[in-house]
Each structure stands twice: as C-alpha cells, then as structure tokens.
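# Breakdown of the fold
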2 protein chains.
Amino acid sequence: MVYLNGDFIAKNKASISVMDRGFLFGDGVYEVIPVYNGKIFRLTEHLDRLQNSLDSIQITNPYSHDEWHNILTKLSGFSSESDQSLYLQITRGVDSQRKHNFDTLTPTVYIESNPLIAKTKSQLEAGFSALTREDIRWHRCDIKSTSLLANILYAQEAKQHQVEEMILSRNNKITEGATSNVFILKGNALFTHPTGPNILSGITRDLVISSAKACNLDIQEIPFSLNDIHQADGLWISSSTREIMPITLLDDQPINQGSIHPAWSCVYEQYQLLKND
Amino acid sequence: MVYLNGDFIAKNKASISVMDRGFLFGDGVYEVIPVYNGKIFRLTEHLDRLQNSLDSIQITNPYSHDEWHNILTKLSGFSSESDQSLYLQITRGVDSQRKHNFDTLTPTVYIESNPLIAKTKSQLEAGFSALTREDIRWHRCDIKSTSLLANILYAQEAKQHQVEEMILSRNNKITEGATSNVFILKGNALFTHPTGPNILSGITRDLVISSAKACNLDIQEIPFSLNDIHQADGLWISSSTREIMPITLLDDQPINQGSIHPAWSCVYEQYQLLKND
C-alpha cells in the first residue's frame, strides 16, 4: 500500500502522468523518515527540512503538519513492521506542456513505506570501506531534491567497487558522502563539514552531534581535508539507514590502523537511546 | 498522440509507474530534435549525442538508428505541422524498490511532438535581454540529463525578471546559458566555450559555427569572461528553438551600444540555408 495524491492504493497501481515535472525535470524534493517501534521519528525536524527544500524551489507545501502526521501514521499502520523507513516525494505537479519555467501547479505527493533494518552493533564493528571522489554535484546540496543523477552515479560506482560509500571533496575539503554525512575524530574532537549549500543538513547528522556531546566529545563544525582524514583517529559516516557507521578502509588505506576508536561505541549507544526518545 | 514504450497513445493516457527511476531520481537523458518541412533534422547528430548521454550514465540504447528513425517519422506524421520539435526522453526504467544504485532494467522511452515556431528575422532583430549568474550546476553538463532542477530555477528567474535567458559563468568564465549556448563577437572573431564537461555540445552550436565559417568569421573555441562580453561587438545565444538570437542588453547594460553587428544577419541567413539541408 502506498499513498498517491490523496489515495492509499496498491503500489503496482500507482502511476503518474508523463507530464509530471518530477519525471520530465527532476523537479521535486523528498524526505526519508524513520519509524521506530511504530512511532514516527523526529517528524517535526523532517517536516521543517522538507519545508526548507520546498521553499528553495518555490513549491507550496500541500499539507499542514497535522495532515502530514495523519497521512504518515495511516500509511505506516498498513505495515506490520515496527521499524520502517517512510519515503515521501513532492514534485511540482503535472504541466500542460514541457517548458523549463513554471506556473503554480497542484503538487504530486507520493509516499511509500519500507521495512527499516538497521545493522547490529557487531555488524557495524566489523568496519566498512569507502573511496574518495571529487564532488561534482550542483552547488545547492542543502536542497533534498530528486535531481539525483550525480548521487546515482556515485552509488553505482560504490557498488561496482564493492565499497559502502563514496566520500566527496570540493576544493580539497570533504563535503559529505554520496548518501551520508561524514565525521572524523581527532583526539577528543569530532569534525564535520558545517551546514550550508555544500551539504545536506542531515537529521541523523544532528543526532550524531547530540550523541557525541553526550559522550563528551568536542564538536567542531569545520571543513577538513583528505589529508586530515588519513591522519584521523576515526572516520564515520551517518544516514538514517546506516546510523553511525565506522569506515576503517579509505582508498585501500587503513584509518587508525584499521581499528575502531573507543568513542564510537559510546556514540552508538547514545544514538540508540535517542531513537527511543 | 505520443509514443510510450512501444505504443502510440493519447497524451492524457500516457502514464508511468511511480517506481520509474526518471520520477524517483531524475535518472534519465533526453534530446530535442527539430523537424523542418516534414523532415527530421540532423537525426544522426542527435542520435550520436543521445548515445553519448546514455553511455555516460550506463543505459543501453533500446533502439537502433533505423528503429529511432521509424518511430520518430511515424510520430511526426501524426502532426499536420511541417515544423515540429520532437522531445524524446529515456529513463533507466522501473525499479522494484527505491535504491540509489541500479541493476539493468528495461528503459522507459517517451516521445512527444510539438509545433516548432521559430521567431522571424525581424522579431530577432529587435534584440533580447539576459542576466548573468554563477553556474551552480553539476560538473557533467555535457550529459543531456533530466536532472534539471538547477536549469529550472534559472529559467524561472529569467521569467520573473522578464528576460530571455540567464547566462552562466564558472570561475569567471562564461560557460553557457541555462538553456542555450553563448557566443561573443570581437572584430572578425566569434568566441564560444570549448566542448567538455562544462557545457552541452549543442547541435545548434555546431550549426552556428558552420554558418559563421560560411560568413568568413574566425571561430575561437576559447573561454571568455564577463568582462570580455561587455567589451564585445556582439552577444548571441543559440538553441534549436531560438536559432541564433542576439542579446543586446546584459545585466541592464547595452552590448555594442545596443545595436546588432552586421555579421549576425549573414550568420542568420546561412543558418536558414542549413535548415533545408
């Protein structure tokens, strides 16, 4: 069961017009919202970010907070899974003709729910690999838009190289991963790229920061370089599906001699507590 | 009448699954091909460029040259217009679940035809306005992809400012317009940005170059700056719908005292000859 423009219908019945500007132009935005123990997680924060994305591309939010809450609650109720990942996408809507500029249209709203299966602590402790690449994406990565071809190509390259993620740098500063935020640990300090047009301000990123503070780490939202990573005591990536994942091999070279810094375990445990907030 | 995945159907019946990666990710490419006097214009060049776009994002071309020719000929035959603009879009296809990386899928092919109404010479001679902006697009503008949100936002800004086009610069070098290529004239020399990842290698761009050669202009595929434009003897933009359009006002300042350089008329006439090739 999925949600499309007011209706709850079977996924294989959910279709849109070829004139939907989401199809023609990638003219839309999206959110991915976890459900933990049957409860929608940090809905207000996700809806705030959605609003920022919509405002940035001049789409009027079709629903109020309460309407979103009701629709998402109803949709997640169709699933028997206690942990879910809600994907919602809003496009500018169906146009009468293909043209780059736009008039005000009725936005298309699509939502689906999928089981959310987090890796266990011991699975995460095995460590993961990543490669670095130049960040060739557009310069408004703060908008969570569906024009995702650059990210798609990185994700495919990661799959082809059998690594977890591609870590991106622009002008020799690490921005984020293709589908994650990036953190490095140096002594007691945890560094991550500051918010702004170069990165998506991840909800999980904020949770990692909160968890790290609870573990008495010193948070530094300051850009760092590839060279800084290789001298770091730890490298982590975060996303709602990965949570806090330690990367122990970058460009085939071990980070911190391939061992996971003890602070990771504390931050992981704090993060698990926040999931049940 | 439009073409969708093998069928010629009414446009309002043409729908795709929400799981089409064109809708979810802007994971597709497109072409716009003119028809002049009932004849498809430069089909081979357009299909070659389409092949480059497809190769760049690892989609297998679903049709041979002859199959494309037959489909496009049949579709254009449904229209009574002698001049048409054929829009064709290929996406990676319908996935079973939303994930950034991809497997091999059956590509989705959508084609529509619209009347192509070129401006008359006297309409063009009136001159047009443009504004300059920083080029915030991704760094593979040579791929004619449907992940077009940056271009959309520029096109809307142009409409809001009642100008014809936004002319973009990256690192102080003019790349191209949001939906056009850009040329400046200095004495007998016509400058345009060289092909490469920063611009789309336009078919019309090539036609302008051929036309300019026929008018004995010296073609210089060399980057130029915003300052170079303001000191230029002429500023033109090109696209299949605009052909060769003179810009006489840039950022509210006149180019060449607001008058159109005599070379424009020669290049315009040569271009008209090429359309009937």
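As the structure is a computational prediction, the values presented were derived from the model and not from experiment. Every chain begins its residue count from 1, and numbering advances along the sequence as written. Here every chain gets a letter starting at A, and every ligand a number starting at 1, in the order they are written. Owing to the predicted nature of the model, reporting of local features is limited to residues with pLDDT of at least 70; listing and counting of side-chain atom pairs is limited to 80 or more, with chain, interface and lining totals taken over all residues. For side-chain calculations, the full set of non-hydrogen atoms in the structure is used, while hydrogens and water are omitted.

### A look at the confidence of the model for chain A
Scored from 0 to 100, pLDDT records how confident the predictor is in each individual residue. Here chain A averages 97 in pLDDT, and 100% of its residues register 70 or above. Scoring the predicted complex yields pTM 0.97 and, for the interface, ipTM 0.97.

### Describing the pairing of strand β4 (residues 28-36) of chain A
Residue and element names in this part refer to chain A. Buried means the residue's accessible area, taken with a 1.4 Å probe over protein chains only, is under 20% of the maximum for its type, while exposed means over 50%, and partly exposed covers the values in between. In this text, helices come from DSSP runs of H or I with a minimum length of four residues, and strands from runs of E with a minimum of two, each type numbered from the N-terminal end. Across the 9 residues that make up β4, a large majority, 9, are buried. Of the two faces of β4, the one holding G28, Y30, V32, P34 and Y36 and the one holding V29, E31, I33 and V35 are both buried throughout. Relative to strand β6 (residues 84-91), β4 runs antiparallel, the two being bridged by 8 bridges. Residue pairing across strands places E31 opposite L88, the latter belonging to β6. In this analysis, strands are considered paired if DSSP registers two or more bridges between them. Here 2 bridges tie β4 to strand β5 (residues 39-40), and the two strands are oriented antiparallel to one another. In the sheet register, Y36 faces β5, and the bridge partner there is K39.

### Looking at the pattern of salt bridges
Basic side-chain nitrogens of Lys or Arg form a salt bridge, by our definition, when they fall within 4 Å of a carboxyl oxygen of Asp or Glu. Taken as a whole, this structure holds 41 salt bridges over all chains when the rule is applied. In this structure, D103 of chain B and K99 of chain B form a salt bridge, with 3.1 Å as the shortest nitrogen-oxygen distance. Note on D103 of chain B: relative accessible area 39%, which makes it partly exposed. One salt bridge connects D135 of chain B with R137 of chain B, and the closest N-O pair in it is separated by 2.9 Å. Among the residues examined, D135 of chain B registers a relative accessible area of 1% and is labelled buried. Residue R137 of chain B is classed as buried on the basis of its relative accessible area of 5%. A cluster of three or more residues bridged by salt bridges with shared partners is formed by R21, D27, R92, D95, K99 and D103 of chain A together with K159 of chain B.

### Points about helix α5 (residues 149-160) of chain A
The length a helix should cover is 1.5 Å for every residue beyond the first. With 12 residues, α5 of chain A extends 16 Å from end C-alpha to end C-alpha; this agrees with the ideal 16 Å at 1.5 Å per step. Of all the 12 residues making up α5 of chain A, 9 are buried; the element is thus mostly covered by neighbouring parts of the structure. Of the surrounding secondary structure, the elements contacted by the buried residues of α5 of chain A are β8 (128-134) and β9 (165-170) of chain A together with α1 (21-25), β4 (28-36) and α2 (43-56) of chain B. Q162 of chain A, located one to two residues past α5 of chain A, shows a positive phi value of around 55°. It only takes one pair of heavy atoms within 4.5 Å for two residues to be counted as in contact.

### Some points on the sheet that holds strand β1 (residues 2-4) of chain A
All names here are of chain A. Strand order across the open sheet formed by 6 strands is β2-β1-β7-β6-β4-β5, with antiparallel pairing between neighbours. Looking at the sheet topology across the chains shown, the edges are occupied by β2 (7-9) and β5. Examined bridge by bridge, β1 and strand β7 (residues 108-115) share 2 bridges and lie antiparallel to one another. Within β7, the residue paired with L4 across the bridge is Y110.

### Examining unusual backbone geometry
Residue and element names in this part refer to chain B. Phi is positive for N5, which is not a glycine, with a value near 50°. Its place among the elements puts N5 in the loop between β1 (2-4) and β2 (7-9). Residue N5 is classed as partly exposed on the basis of its relative accessible area, which comes to 40%.

### Considering the pairing of strand β12 (residues 189-192) of chain A
All names here are of chain A. Residues A189 and F191 line one face of β12 and the alternating positions L190 and T192 line the opposite face, and both faces are buried. Both strand β11 (residues 181-186) and β12 contribute to a ladder of 4 bridges, which runs antiparallel. Paired with I184 across the two strands is F191, which belongs to β12. In this sheet, strand β13 (residues 218-221) lies alongside β12 in parallel orientation, the contact comprising 4 bridges. The residue bridging T192 from the neighbouring strand is E221, located in β13.

### Focus: the packing of aromatic side chains
Classification of ring pairs uses Phe, Tyr and Trp, with its six-membered ring standing for Trp, and accepts pairs whose centres are within 6.5 Å; under 30 degrees between planes counts as stacked, over 60 as edge-to-face, and the remaining range as tilted. Enumeration over the complete set of coordinates arrives at 14 aromatic pairs over all chains. On the basis of an interplanar angle of 55° and a centroid distance of 5.6 Å, the ring pair of F8 of chain B and F78 of chain B is categorised as tilted. Within this pair, whereas F8 of chain B is found in strand β2, its partner F78 of chain B is found in the loop between α3 (65-77) and β6 (84-91), the two being separated by 70 residues in sequence. Its relative accessible area of 43% is what places F78 of chain B among the partly exposed residues. Centre to centre, the rings of Y36 of chain B and F41 of chain B are 5.0 Å apart; their planes meet at 70°, and the pair counts as edge-to-face. Neither Y36 of chain B nor F41 of chain B differs from the other in exposure class; each is buried. Among the aromatic residues, ring-to-ring pairing joins Y3, F8, Y63, W68 and F78 of chain A into one connected group. One cation-aromatic arrangement involves R92 of chain A over F102 of chain A; the distance from NZ or CZ to the ring centre is 3.5 Å. Whether a charge lies above a ring is judged from NZ of Lys or CZ of Arg, which has to be within 6 Å of the ring centre and within 35 degrees of the ring normal.

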